[in-house]
Amino acid sequence: GAGVSQSPRYKVAKRGQDVALRCDPISGHVSLFWYQQALGQGPEFLTYFQNEAQLDKSGLPSDRFFAERPEGSVSTLKIQRTQQEDSAVYLCASSPTRNYEQYFGPGTRLTVT
Amino acid sequence: AQKVTQAQTEISVVEKEDVTLDCVYETRDTTYYLFWYKQPPSGELVFLIRRNSFDEQNEISGRYSWNFQKSTSSFNFTITASQVVDSAVYFCALSEGITQGGSEKLVFGKGTKLTVNP
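Residues numbered from 1 in each chain as written. Chains lettered and ligands numbered in written order. Predicted model: local features only at pLDDT ≥ 70, side-chain atom pairs only at ≥ 80, totals over all residues. Heavy atoms only, no water.

Chemist: Explain the interface of chain A and chain B here, please?
Modeler: By convention, interface size is frequently given as the accessible area that disappears when the constituent parts associate. The partner chain B presents 19 residues to the 21 residues of chain A that form the contact. Between chain A and chain B lies a buried interface of about 1800 Å² when both sides are counted; carbon and sulfur atoms form 48% of it. Here chain A is connected to chain B by one salt bridge. The salt bridge involving A:Glu101 is made with B:Arg50; its shortest N-O contact spans 3.5 Å. Counting the contacts that link chain A with chain B gives six residue pairs in polar contact (both at pLDDT 80 or more). Taken together, the elements giving at least two residues each to the side of chain A that touches chain B come down to strand E4 (31-37) and strand E5 (44-50) of chain A. At three residues, E4(A) tops the list of elements feeding residues into the side of chain A that touches chain B. (Contact = heavy atoms within 4.5 Å. Buried area = accessible area lost by both parts, 1.4 Å probe. Salt bridge = Lys/Arg side-chain N within 4 Å of Asp/Glu carboxyl O. Polar contact = N/O pair within 3.5 Å; in protein donor to acceptor, adjacent residues only side chain to side chain. Helix = DSSP H or I, 4+ residues; strand = E, 2+ residues; numbered from the N terminus.)

Chemist: I would appreciate a short explanation of the nonpolar core in the present structure.
Modeler: Nonpolar side chains tend toward joint burial in soluble globular proteins. Ranked by size, the top nonpolar core spans 24 residues in total, and within it B:Trp36, B:Phe77, B:Tyr90 and B:Leu114 carry the most contacts. Where this core is concerned, the elements lending two or more residues are strand E2 (10-14), strand E3 (19-21), strand E5 (33-39), strand E8 (64-69), strand E9 (74-79), strand E10 (88-95) and strand E12 (112-117) of chain B. Of the residues forming this core, the biggest block, four residues, is contributed by E10(B). The contact partners of B:Tyr90, leaving out residues within four places of it in the chain, are B:Gln6, B:Leu21, B:Trp36, B:Tyr37, B:Lys38, B:Leu48, B:Tyr64, B:Phe77, B:Ile79, B:Gly111, B:Thr112 and B:Leu114. Counting 19 residues, the second largest nonpolar core, distinct from the first, contains A:Ala13, A:Trp34, A:Leu60 and A:Tyr90. (Core = buried A, V, L, I, M, F, W, Y, C linked by side-chain atoms within 4.5 Å. Buried < 20%, exposed > 50% of the residue type's maximum accessible area, 1.4 Å probe, protein only.)

Chemist: Looking at this structure, I do not really get the pattern of salt bridges. What am I missing?
Modeler: Side chains bearing opposite charge may pair, as long as their charged atoms lie close to each other. Counted under the stated rule, the structure contains seven salt bridges over all chains. As a salt-bridge pair, A:Asp24 and A:Arg22 come within 2.7 Å of each other at their nearest N and O atoms. When the shortest N-O distance is used, the salt bridge between B:Arg63 and B:Asp86 registers 2.8 Å. Here B:Arg63, found in the loop between strand E7 (59-61) and E8, pairs with B:Asp86, found in the loop between E9 and E10; they are 23 residues apart in sequence, far enough to count as distant.

Chemist: Please explain the environment of B:Asn52 as it appears in this structure.
Modeler: Residues and elements named next belong to chain B. Its place among the elements puts Asn 52 in strand E6 (residues 46-52). By relative accessible area, which is 27% here, Asn 52 ends up partly exposed. For the pair Asn 52 and Thr 72, spaced 20 residues apart in sequence, the C-alpha separation works out to 16 Å.

Set out below in structure tokens:
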């Protein structure tokens, strides 16, 4: 079956622009996670949804970051007024239920110039 | 607080050698999960194993084996008879907060880059 997909795969934004990153989880997966991976580092948690409810957004670095999952399926991570320090790979993961492994998408590489 | 330490930044071996990747974790929870993921040069994280805190049995899957020791808070990963295709960055991760209805977020180590030379 299809895995987690993300789009776009690559995004170049000028500093100050807004960007929107999309995640299509595996069909039927209840839990959805966003992570940020800087070059040479491990992924770091941003936010978590269970169905359409955002249960944990403790990892969002600033109020410029916003995520939604309105119908409990596709999710969008939005970054407003991008800064150079936002340059990273943004990973989306989904899992079918609680206490289960997470399946990751290919990521979106964001470069802010 | 939760923390995962992978002290080996890079390891280089010759094909057919055995190699062990170390992982040490910190948590105050009694119920937690440990994971290993592989990130090949293509970039996509690939799930390898999940182990819960109540199951200290070692596990073997083909050339891969995992050694979980609660007494030393370690969850080490061994590849036997390494192959060039094993070259990747390997991440150890911890998930806790489940008993408190937490978010099951993964806390990752910094990763170990394994290079297997022919």
